[in-house]
Amino acid sequence: MSKIKDSKLAPQGKLKIEWAEQNMPVLMQIRKRFAKEKPLGNLKIGCCLHNTKETAVLVKTLKAGGAKVALCGSNPLSTQDEVVASLVKEGISVFAWRGLSNKEYYWCLDKVLDTRPQITMDDGGDLVNIIHLKRKELIKNIIAGTEETTTGVIRFRAMEKDKVLEYPIIAVNDAYSKYLFDNQYGTGQSTIDGILRATSALLAGKNFVVGGYGYCGRGIASRAKGMGANVIVTETNPLRALEATMDGFFVMSMNRAAKIGDIFVTATGDKDIIRKKHFLAMKSGAILANSGHFNVEINIPDLEKLSKTKRKIRENVEEYQLKNGKKIYLLAQGRLVNLAAAEGHPSEVMDMSFSIQALTLEWLKKRKKCLEPRVYEVPEEIDKKVAALKLKAIGVKIDKLTKEQKKYLESWEEGT
Ligand SMILES: NC(=O)c1ccc[n+]([C@@H]2O[C@H](COP(=O)([O-])OP(=O)(O)OC[C@H]3O[C@@H](n4cnc5c(N)ncnc54)[C@H](O)[C@@H]3O)[C@@H](O)[C@H]2O)c1
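Residues numbered from 1 in each chain as written. Predicted model: local features only at pLDDT ≥ 70, side-chain atom pairs only at ≥ 80, totals over all residues. Heavy atoms only, no water.

(A) Structural detail: the site of the ligand. Neighbouring the ligand are 26 residues; Thr149, Thr150, Thr151, Glu235 and Asn338 lie closest to it. One nitrogen or oxygen atom from the main chain of Cys216 is found 2.9 Å from an oxygen atom belonging to the ligand. In isolation the ligand exposes 860 Å². Once the protein is present, 86% of that is buried. For the shell around the ligand, the secondary-structure elements that each account for two or more residues are α7 (150–161), α8 (176–199), α9 (215–226) and α14 (337–340). Across the shell around the ligand, the residue classes tally to six nonpolar, 17 polar and three charged. (Near = heavy atom within 4 Å. Polar contact = N/O pair within 3.5 Å; in protein donor to acceptor, adjacent residues only side chain to side chain. Areas by Shrake-Rupley, 256 points an atom, 1.4 Å probe, with all protein chains shown as cover. Helix = DSSP H or I, 4+ residues; strand = E, 2+ residues; numbered from the N terminus. Nonpolar A, V, L, I, M, F, W, Y, C, P; charged D, E, K, R; others polar.)

(B) Geometry of a nonpolar patch on the surface. There is a patch of nonpolar side chains on the surface, built from Ile394, Val396 and Ile398 and spanning about 290 Å² of accessible area. Among the secondary structure elements, Val396 is positioned in the loop between α16 (380–393) and α17 (403–410). (Patch = residues over 30% accessible without salt bridge, like charges linked within 9 Å, V, L, I, M, F, W, Y side chains within 5 Å. Salt bridge = Lys/Arg side-chain N within 4 Å of Asp/Glu carboxyl O.)

(C) Representation of the pairing of strand β13 (residues 317–322) within the structure. With six of six residues buried, β13 lies mostly within the body of the structure. Side chains Val317, Glu319 and Gln321 of β13 all project onto a buried face; the interleaved residues Glu318, Tyr320 and Leu322 project onto the opposite face, where all are buried too. As defined by bridge partners, strand β12 (residues 307–314) adjoins β13 across six bridges and the pair is classed as antiparallel. Among the inter-strand pairings, Thr309 is bridged to a residue of β13, identified as Gln321. Where β12 folds back onto β13 in an antiparallel hairpin, the turn is made up of two residues, including Asn316, whose phi is positive at roughly 70°. Bridging between β13 and strand β14 (residues 327–331) involves five bridges; their strand directions are antiparallel. Residue Gln321 lies in a different strand from β14, and its bridge partner there is Lys327. Connecting the antiparallel pair β13 and β14 is a turn made up of four residues, with Gly325 showing a positive phi of about 95°. (Buried < 20%, exposed > 50% of the residue type's maximum accessible area, 1.4 Å probe, protein only. Pairing = 2+ DSSP bridges.)

(D) Broad picture of the nonpolar core. Counting residues in hydrophobic clusters, the biggest one holds 51 residues, and the most contacted among them are Ile45, Leu58, Leu62 and Val94. The residues contacting Leu58, other than those within four sequence positions of it, are Leu27, Leu49, Met121, Phe354, Gln357 and Ala358. The next biggest cluster of nonpolar side chains, apart from the first, holds 27 residues, and it includes Val231, Phe249, Val337 and Ala341. (Core = buried A, V, L, I, M, F, W, Y, C linked by side-chain atoms within 4.5 Å. Contact = heavy atoms within 4.5 Å.)

(E) Looking closely at the packing of aromatic side chains. The final tally for this structure, using the stated rule, is six aromatic pairs. An angle of 80° between the planes, with centres 6.2 Å apart, marks the rings of Phe95 and Trp107 as edge-to-face. Of the two residues, Phe95 sits in strand β3 (residues 93–95) while Trp107 sits in helix α5 (residues 102–113), which places them twelve residues apart along the sequence. A residue is classified by how much of its surface remains accessible, and Phe95, at 3% relative accessible area, is buried. On the basis of relative accessible area, Trp107 is assigned to the partly exposed category, the value being 35%. By the ring-pair criterion, three or more aromatic residues cluster together here, those being Tyr176, Tyr179 and Tyr215. Between the NZ or CZ atom of Lys3 and the centre of the ring of Trp97, over which it lies, the distance is 5.1 Å. Here the guanidinium or amino end of Arg374 rests over the ring plane of Tyr376, the centre of that ring lying 4.1 Å away. (Phe/Tyr/Trp six-rings, centres within 6.5 Å; stacked < 30°, edge-to-face > 60°. Lys NZ or Arg CZ within 6 Å of the ring centre and 35° of its normal.)

Don't take any of this as a statement about function, it's just geometry.
Now the structure itself:
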């Protein structure tokens, strides 16, 4: 059973998925092995992910490995309707379409949970959250969960600290071959892509404010700088602020940045980064976007209250006419601009993130129920394996430690 927007879009989706497959050599190699060995034999997986062409490549890989997958979206605006249509045609259960209401969003998650998954695969933690708050009866069937993004991992670490987490979670986000590339280069490029597709604005010479200098923030800042923008960073962590300063960015408070910024992007995983006092200080014409997981980084209720009128002026662009006469432009309703206004991360990057997911699932299947209910790192051997496979796929050879070097690095006696 499935519920999607339009099954007639399947041929278009199939072409999109094929395009992604060409650029995901590591995951395709894993798929080939999975198809032979069926390591996930009959494992029921409930996925709550951004339904992009790359997610489709992952889901097809899990299916090839023998898993039974049910899929919903992890954001109301990130589902690519043609992609899910193609997945349904291939026999995957999907409950997702672009433009879900809040109620529909949670209905879709419940449908996936009705399949009684043994593994939950989250991007932002919503499946785990619902299971713990409303559907505890499912926990006895669950082996573990995996989490794709920083915000989800933060939520699960908070649950672990409060001793309420009832099954193990593998923090896929925290694997090096995930966040160093996906969060940084993936979010960096695709956020700029989303802003450009929505606005067609020139970045050169603009004051481009980035809220948060984490892995996503630094990716966005460096890409905007590369396009000729004057990049300003806001931070709350002194170390990250210092890094941004030494990387050559202007660092200041949002109070100051609000007065001079032309384009603002938040990527903090926090809330209210841009709020009432900042909207009031902004120049007329300021463009606002968010690339953090939830739509709380830009305080939209504040913006609504300050506004006289609001109208959709282009796809993914809403113009707010403030009572003080200024105009502010909000992209993609303050939701992940790279997924809502563009296509999310490039396939080359998701190749690594989703290979980690696939190999972690295989690892979990072997362990069955022997893990504690806490947040685990991805095993180092999986992380290194994915990096090594990626290097091989792109034709990069690296050196091997000699016996003497290995010994030297493990010893302490030898000095100058
Ligand atoms: N758009 C995407 O496709 C995508 C991809 C990966 C992650 N994410 C999401 O992006 C967000 C950031 O992820 P990350 O991996 O960069 O996290 P991170 O923890 O590496 O960085 C977040 C940074 O924001 C800073 N911060 C927190 N509150 C702040 C505030 N009030 N003002 C200024 N800075 C503040 C923190 O100090 C930190 O340096 C998360 O919500 C994550 O889930 C989105």
